[in-house]
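# Breakdown of the fold
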Amino acid sequence: MEKKLLVLLFVIVPLFGYAQNWDGVSASYDWYNYPVNGEYVLSTPEDLKGFACLVNGTSDYGQNSFEGNTVSLGCDIFLNFKEWEPIGNIMSGYSFNGTFDGNSHRIFGLNLCKESAGMIVSIGLFGYNKGTIKDLYLNGSTTGVTRDPNNSSYRYGNLVGYNLGRVQSCEVRCDFGFDNLGADGSFGSNGPIIGGIVGENLGTISQCRFVGYIGNEIGISQNMSNIGGISGANYQGGTISECHSTPTIVIAGGSNQIGGIAGQNNDDTGIYDCLFDGNINATNTSSTFASGICAMGGLVRNCISIGNIAGDANTYMAPICNSASGVNNCYYVSSLTNTTGAGTNLTYAELSDGLSVKFESSAWTIQNGEIPHLNYANVPTPTFRLTIKDDRGITTTHVAEGIYALDFNSSHSEDGWKINSIVLNGESFLVDDYTYSNTVYVDKDTEIQIVYELVGTEIVDPVYGKYKISGRDGIITIESNGSNETAEIFTLSGRRICKLILSSLHVNFKVGQGTYIVRIGDYSAKLTL
């Protein structure tokens, strides 16, 4: 009996090992009433939702910006891909002003609200930040984001929509797909601002990394849009430093400023010691600037661009920046024609010879034989072994880290087989269904076993209606009224060893010693011989 097992990669649904099947609405405040050593500790998605309600002023406890306080994570939190309302709202004036310490824990299953509502003009895990957000790993996937033309929502960042504070030592691995953001001209003179980590930055972003997709499926604003791997726009004294950006940015239509680090970088802002090694592709645009570090403007120092940039005839491409003003001591590997003169073109051999790159900064490790890398990122991302077995002994092994999506099904469900349970590292989770979709969070070597069962009403009494089933000396005997129904005999592992028509009143079948399942119509019996 064949049974099919499918395993799909998600970026990375209820999570094995975590009792966090959050409904997207429930909030808890026990952590607020009982701080630990003067610090507020969040341990569940309900706690995180309660924290958001407090900052947004929508809880029975009133509004709290947490200024002067620390809110920390006590463990990883899974948001179950429920639509998330941001922490902080510009229109209400409510911002987070304290310190949010992730303690190197992870918030995953983030799904940003699809459409701005209630005049929320910045969307992210945090909508409006004036405090410090640090040491956090964020993972999620958001698609189909649209904009209510009656509102003025236009800042989108996976971690922070609008940042006036500090974001440091955070890693964001998220996908962000959007539909028709202002293609009707509803943004007025402004297009959307979209960043992998922060939408619009007027504060500080340091030692952060982004890996993920940013792209549109339908259209984008007719007006100027700013899109960046770290921040969509860096304005009014904002600083981005020691950040590593590996985005895949795919933009179709509109007039855009796209940068591997930031889309727009104003003259009074700076990007320092950053690395871009992702991909940018702009098509069907009316007028677009696309660059490895920033599309236009501002100070750019000690940066490296080794990503790929492509565009149509209306896209102005540059390996560092489309303006040389303010660019100093930057390097790139690219076949693009550098019409701006910003940065120094090297080969990969020169970039890794330990001599050609001369940074005025201690943020980098430069040595012969290696492409320069940021010191804070010296520790490699771990990968672990994910082993999946079914009860027939079929084994598949994957290298994984983070969230894996699983899709299990019995290809012979029409024969009455279904999934009984899933066993994760020795702990059993009841499934009792023909198909099962879920995720597993892999932060160590992990083993999953799928246990199948034959469905039917078990024949407890050996004489049940018109059948009598018995077994002895390795022989199964089926007595019936000659109803011409089909009987099947299976091993416990699911292998069918016999299929016969009950055309006679008495049938014997020799199977040998062991435990077997006999199935007749909707009934099944388990016999040990």
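Residues numbered from 1 in each chain as written. Predicted model: local features only at pLDDT ≥ 70, side-chain atom pairs only at ≥ 80, totals over all residues. Heavy atoms only, no water.

### Some remarks on the overall build of the protein
Secondary structure summary: the protein contains three helices and 52 strands in total. Within the protein, buried positions represent 52% of all 529 residues. Accessible surface for the protein amounts to roughly 21100 Å². Of this, 45% is attributable to carbon and sulfur atoms. (Helix = DSSP H or I, 4+ residues; strand = E, 2+ residues; numbered from the N terminus. Buried < 20%, exposed > 50% of the residue type's maximum accessible area, 1.4 Å probe, protein only. Areas by Shrake-Rupley, 256 points an atom, 1.4 Å probe, with all protein chains shown as cover.)

### Examining unusual backbone geometry
Positive phi, normally seen in glycine, also occurs at Asn37, with a value near 50°. Looking at the secondary structure, you find Asn37 in the loop between helix H1 (30-33) and strand S2 (40-42). Asn37 sits in the exposed class, given a relative accessible area of 79%. With a phi close to 60°, Asn80 is a non-glycine residue in the positive phi region. Residue position: Asn80 is located in the loop between strand S4 (77-78) and strand S5 (83-84). Residue classification places Asn80 among the buried residues on the basis of a relative accessible area of 12%.

### Notes on the pairing of strand S3 (residues 70-73)
Pairing between S2 and S3: three bridges, direction parallel. Along S3, the bridge assignment pairs Tyr40 with Val71. What joins S2 to S3 is helix H2 (residues 45-56), and the crossover it makes is right-handed. (Pairing = 2+ DSSP bridges. Right-handed = clockwise from strand over helix to strand, strands pointing away.)

### Looking at the confidence of the model for the protein
Per-residue confidence for the protein gives a mean pLDDT of 80; residues scoring 70 or more make up 77%. Taken as a whole, residues 1-19 scores under 50 in pLDDT and shows 86 contacts with residues more than four places along the chain or in a different chain. Across residues 183-188, where pLDDT falls below 50, the model places 18 contacts with residues more than four positions away in sequence or in other chains. (pLDDT = per-residue confidence, 0-100. Contact = heavy atoms within 4.5 Å.)

### Topic: the nonpolar core
A general tendency of soluble globular proteins is for nonpolar side chains to be buried together. If you look at the biggest cluster of nonpolar residues, it comprises 74 residues, and the most contacted ones within it are Phe51, Phe100, Leu125 and Leu159. In this structure, Ile478, Ala487, Tyr516 and Ala525 belong to the second largest nonpolar core, which totals 16 residues. (Core = buried A, V, L, I, M, F, W, Y, C linked by side-chain atoms within 4.5 Å.)

### Some remarks on the packing of aromatic side chains
Counting across every chain of the model gives 23 aromatic pairs. Taken together, the ring pairs in this structure connect Tyr29, Trp31, Tyr32, Tyr40, Phe51, Tyr61, Phe66, Phe96, Phe100 and Phe126 into an aromatic cluster. Against the face of Tyr137 rests Arg106, its NZ or CZ located 4.2 Å from the ring centre. Across the ring face of Tyr162, the terminal group of Arg155 is positioned such that the distance to the ring centre comes to 4.3 Å. (Phe/Tyr/Trp six-rings, centres within 6.5 Å; stacked < 30°, edge-to-face > 60°. Lys NZ or Arg CZ within 6 Å of the ring centre and 35° of its normal.)

### Let's talk about the pattern of salt bridges
On inspection of all chains with the given rule, the structure shows two salt bridges. Of the charged contacts, one joins Arg155 and Glu200 as a salt bridge, the two residues approaching to 2.5 Å between their closest N and O atoms. Remark: Glu200 occurs in strand S14 (residues 198-201) and Arg155 occurs in strand S10 (residues 155-157); sequence separation between them is 45 residues. Of the residues examined, Arg155 reaches a relative accessible area of 9% and is grouped as buried. For Glu200, a relative accessible area of 7% translates into the label buried. A salt bridge links Arg173 to Glu171; the nearest nitrogen and oxygen atoms lie 2.5 Å apart. Relative accessible area serves as the criterion here: at 18%, Arg173 is assigned to the buried category. (Salt bridge = Lys/Arg side-chain N within 4 Å of Asp/Glu carboxyl O.)

### A word on the sheet that holds strand S18 (residues 231-234)
Taken in spatial order, the six strands make up an open sheet running S8-S11-S14-S18-S22-S27, and their pairing is parallel. Every interior strand has two partners, whereas the edge strands, strand S8 (126-129) and strand S27 (294-296), have only one. Mean inter-strand twist for the sheet, computed between neighbouring axes without regard to direction, equals 15°. As paired elements, strand S22 (residues 262-265) and S27 share two bridges and run parallel to each other. Along S27, the bridge assignment pairs Gln264 with Met296. (Axes fitted to C-alpha atoms, helices over the stretch in contact; angles between N-to-C directions.)

### A look at the environment of Ser43
Inspection of the secondary structure assignment puts Ser43 in the loop between S2 and H2. Residues Ser43 and Leu73, spaced 30 residues apart in sequence, show a C-alpha to C-alpha distance of 6.1 Å.

### Overview of the environment of Phe276
In this structure, Phe276 sits in strand S24 (residues 275-276). Judged by its relative accessible area of 0%, Phe276 falls in the buried class. For the pair Phe276 and Cys303, spaced 27 residues apart in sequence, the C-alpha separation works out to 8.3 Å. In this view, Phe276 contacts Ser245, Pro247, Gly260, Ile261, Gly292, Ile293, Ile304, Ser305, Ile306, Gly307, Asn308 and Ile309; residues no more than four positions away in its chain are not counted.

### Here we look at the state of the cysteines
Enumeration over the complete set of coordinates arrives at zero disulfides. Not part of a disulfide, Cys274 finds its nearest cysteine sulfur in Cys243, a span of 4.8 Å. You can call Cys274 buried: its relative accessible area is 0%. This cysteine, Cys294, is not joined by any disulfide, and Cys321 carries the nearest cysteine sulfur, 3.5 Å off. (Disulfide = S-S within 2.5 Å.)

### Thoughts on the side chain of Ser352
Note that Ser352 resides in the loop between helix H3 (348-351) and strand S35 (364-365). Not counting residues within four places of it along the chain, the set of residues in contact with Ser352 comprises Gln367, Asn368, Gly369, Glu370 and Ile371.

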